[in-house]
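Close look at the chain arrangement
Chain by chain, the residues:
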Amino acid sequence: MEFETIEVKKEGTLAWLILNRPDKLNALNLKLLEELYQAVKNFDSDNDVRVIIITGKGKAFCAGADITQFTELTPVNAWKFAKRGREVMDFIESIGKPTIAMINGYALGGGLELALACDIRVASEEAQLGLPEINLGIYPGYGGTQRLTRIVGKGKALEMMMTGDRIPARDAERYGLVNSVYPSADLEKETRKLAEKISEKSPVALSLIKEIVNRGIDSSLLTGLSMESLGWGTIFSTEDKKEGVDAFLKKRKPNFKGI
Ligand SMILES: CCCCC/C=C/C(=O)SCCNC(=O)CCNC(=O)[C@H](O)C(C)(C)COP(=O)(O)OP(=O)(O)OC[C@H]1O[C@@H](n2cnc3c(N)ncnc32)[C@H](O)[C@@H]1OP(=O)(O)O
């Protein structure tokens, strides 16, 4: 499928989705948002794909929602644009496959919110992250108020939203906002290494981990723990569980098939 605002490519079991409006720092307009949704949907239903990596072309991961669109938005359309963006982020978070945001530069506003919807964030040393919407007289609308708070805690999240300050990647790593930081020359290699490691695990187990963690975090501890035990029953019916245990006992590498 041809896209205008993103590039997609497959490398074995890894799928790359590259935001491709570099002259506008990959700002999210409606077209990009819809293509992003479609590409993730395609990769999610592609059995060959085990891990999805999202990144940006040029010096930005994504500088947020396209501000030029704001001048013509009526309140009703603003609500629709925010709602659609949130739905796309929710969808990305909800898919069963692991997602990695490879933050190669600015991840601001809706761009950071996209990264927050991914499971793991890795960044280059030059990257800067922030929610600068406050400087436009608005506030995050693609899930940032909720997801950032769950990841870095209320105090730091409120500070980021209230000041709009951009945070260097190394500080973001200290706050737990990004998992790892690398020199930009190594970012792609290290991301690929991480993605390949995850791609060799059981897709069923990965999918259950995502579901239980994402649902559990919004539930009581008891409900989360109960989902964990129920999932355990389910995982014992899979071929991947048989394969993993057999491989261990026979001292060989497992070959998980996702069944
Ligand atoms: C409707 C629901 C929305 C829901 C929630 C989401 C809200 C948002 O995301 S609001 C946007 C938040 N983001 C920002 O406020 C960042 C805006 N950008 C900047 O502050 C700067 O561009 C920068 C600090 C990221 C980089 O500065 P610099 O290196 O000097 O690069 P330029 O400013 O010259 O940018 C190059 C080029 O890109 C255009 N651009 C950058 N960001 C956006 C954007 N968010 N929307 C539209 N266009 C953007 C910028 O205008 C330049 O274009 P030209 O002037 O045509 O060269």
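Just so we're clear, the structure is a prediction, and the values are computed from it rather than from any experiment. Residues take numbers from 1 onward in each chain, read along the sequence in its written order. Note on the predicted model: pLDDT of at least 70 is required for a residue's local features to be given, and 80 or more for side-chain atom pairs to be given and counted; whole-chain, interface and lining totals, by contrast, use all residues. Side-chain measures here rest on the full set of heavy atoms in the structure, leaving out hydrogens and waters.

What follows covers the packing of aromatic side chains. Pairing of aromatic rings covers Phe, Tyr and Trp, the last counted by its six-membered ring, and requires centre-to-centre distances within 6.5 Å; plane angles under 30 degrees mean stacked, over 60 mean edge-to-face, and any other angle means tilted. Enumeration according to the criterion identifies 3 aromatic pairs in this entry. Ring centres of Phe81 and Tyr142 lie 6.2 Å apart, and the angle between their planes is 70°; this geometry places the pair in the edge-to-face category. Residue Phe81 is found in helix α2 (residues 75-94), and its partner Tyr142 is found in the loop between β8 (128-130) and α4 (144-152); the two are separated by 61 residues along the sequence. Taking the relative accessible area as the measure of exposure, Phe81 reaches 5% and is therefore buried. The buried label applies to any residue whose accessible area, calculated with a 1.4 Å probe on protein chains only, is under 20% of its type's maximum; exposed applies above 50%, and partly exposed to all values in between. Judged by its relative accessible area of 4%, Tyr142 is buried. In this scheme, Lys NZ or Arg CZ marks a charge over a ring once it lies within 6 Å of the ring centre and within 35 degrees of the ring normal. Against the face of Trp16 rests Lys9, its NZ or CZ located 5.6 Å from the ring centre. Above the ring of Tyr37, the side-chain terminus of Arg84 is found at 4.7 Å from the ring centroid. For helices the rule is a DSSP run of H or I covering at least 4 residues; for strands it is a run of E covering at least 2, with both sets numbered from the N terminus onward.

Looking now at the confidence of the model for the chain. Here the chain shows a mean pLDDT of 96. Residues at 70 or above account for 100%. For this predicted complex, the interface confidence comes out at an ipTM of 0.98, alongside a pTM of 0.97. pLDDT expresses how confident the predictor is about each individual residue, on a scale running from 0 to 100.

Within the secondary structure, Asn47 sits in the loop between α1 (30-44) and β3 (51-56). For the pair Asn47 and Ala101, spaced 54 residues apart in the sequence, the C-alpha separation amounts to 21 Å.

DSSP bridges decide pairing: two strands pair if at least two such bridges lie between them. Read across the sheet, 6 strands follow the order β1-β2-β3-β5-β7-β10 without closing on themselves; strand pairing throughout is mixed. Unpaired on one side and paired on the other, β1 (6-11) and β10 (180-182) mark the two borders of the sheet. Strand-to-strand, the axes of this sheet are offset by a mean angle of 20°, without reference to chain direction. As judged from the 6 bridges shared by strand β2 (residues 14-19) and β3, these two strands associate in the parallel manner. Bridging from a neighbouring strand, Leu17 pairs with Ile54 of β3. Between N-to-C directions, angles span 0 to 180 degrees; the directions come from axes that are lines fitted to C-alpha atoms, helices contributing only their stretch in contact.

Our focus in this paragraph is the packing of α4 against helix α5 (residues 154-163). Their axes nearest at 7 Å, the elements α4 and α5 cross at an angle of 135°. Taken as axis vectors, α4 and α5 run oblique relative to one another. Seen from above, α4 lies across α5 with right-handed handedness. Between α4, through Gly144, Thr145, Leu148, Thr149 and Val152, and α5, the contact on the second element is made entirely by Lys154, Lys156, Ala157, Met160 and Met161. Partitioning the contact of α4 with α5 into residue classes produces 5 nonpolar, 3 polar and 2 charged. What sets the label is the angle itself: under 35 degrees gives roughly parallel, over 145 gives roughly antiparallel, 65 to 115 gives roughly perpendicular, and the rest give oblique. For any pair of crossing helices, the crossing counts as left-handed if the nearer helix is rotated counterclockwise from the farther one by less than a right angle, and right-handed if it is rotated clockwise. Every residue pair with non-hydrogen atoms within 4.5 Å of one another is taken to be in contact. For this classification, Asp, Glu, Lys and Arg are treated as charged, while Ala, Val, Leu, Ile, Met, Phe, Trp, Tyr, Cys and Pro are nonpolar and the rest, including Gly, are polar.

Turning our attention to the nonpolar core. If you look at the biggest cluster of nonpolar residues, it comprises 49 residues, and the most contacted ones within it are Leu17, Leu36, Phe61, Ile103, Leu129 and Leu177. At 6 residues, α1 tops the list of elements feeding residues into this core. Grouped together as the second largest cluster of nonpolar side chains are 12 residues, Leu14, Leu187, Ile198 and Leu206 included. Buried Ala, Val, Leu, Ile, Met, Phe, Trp, Tyr and Cys residues that are joined via side-chain atoms within 4.5 Å together make up what is termed a nonpolar core.

The phi dihedral of Leu25 falls on the positive side, at around 50°, and the residue is not glycine. As for its placement among the helices and strands, Leu25 is situated in the loop between β2 and α1. The class for Leu25 is partly exposed, based on a relative accessible area of 24%. Positive phi values are uncommon outside glycine, yet Lys251 reaches one of about 55°. In this structure, Lys251 sits in the segment after α10 (239-249). For Lys251, a relative accessible area of 79% gives the class exposed.

This part is about the pattern of salt bridges. Just to be clear on terms, a salt bridge is a Lys or Arg side-chain nitrogen sitting within 4 Å of an Asp or Glu carboxyl oxygen. If you walk through the whole model with that rule in mind, you get 27 salt bridges. Across the pair Lys10 and Asp46 runs a salt bridge, and its minimum N-O distance is 2.6 Å. Here Asp46 lies in the loop between α1 and β3 and Lys10 lies in strand β1, a separation of 36 residues in the sequence. The exposure class of Lys10 is partly exposed, given its relative accessible area of 44%. Glu243 is paired through a salt bridge with Arg252; the nearest N and O atoms lie 2.8 Å apart. Taking the relative accessible area as the measure of exposure, Glu243 reaches 17% and is therefore buried.

Time to look at the environment of Gly216. Within the secondary structure, Gly216 is located in helix α8 (residues 203-216). Beyond its immediate chain neighbours, meaning those up to four positions away, Gly216 contacts Glu211, Gly224 and Met227.

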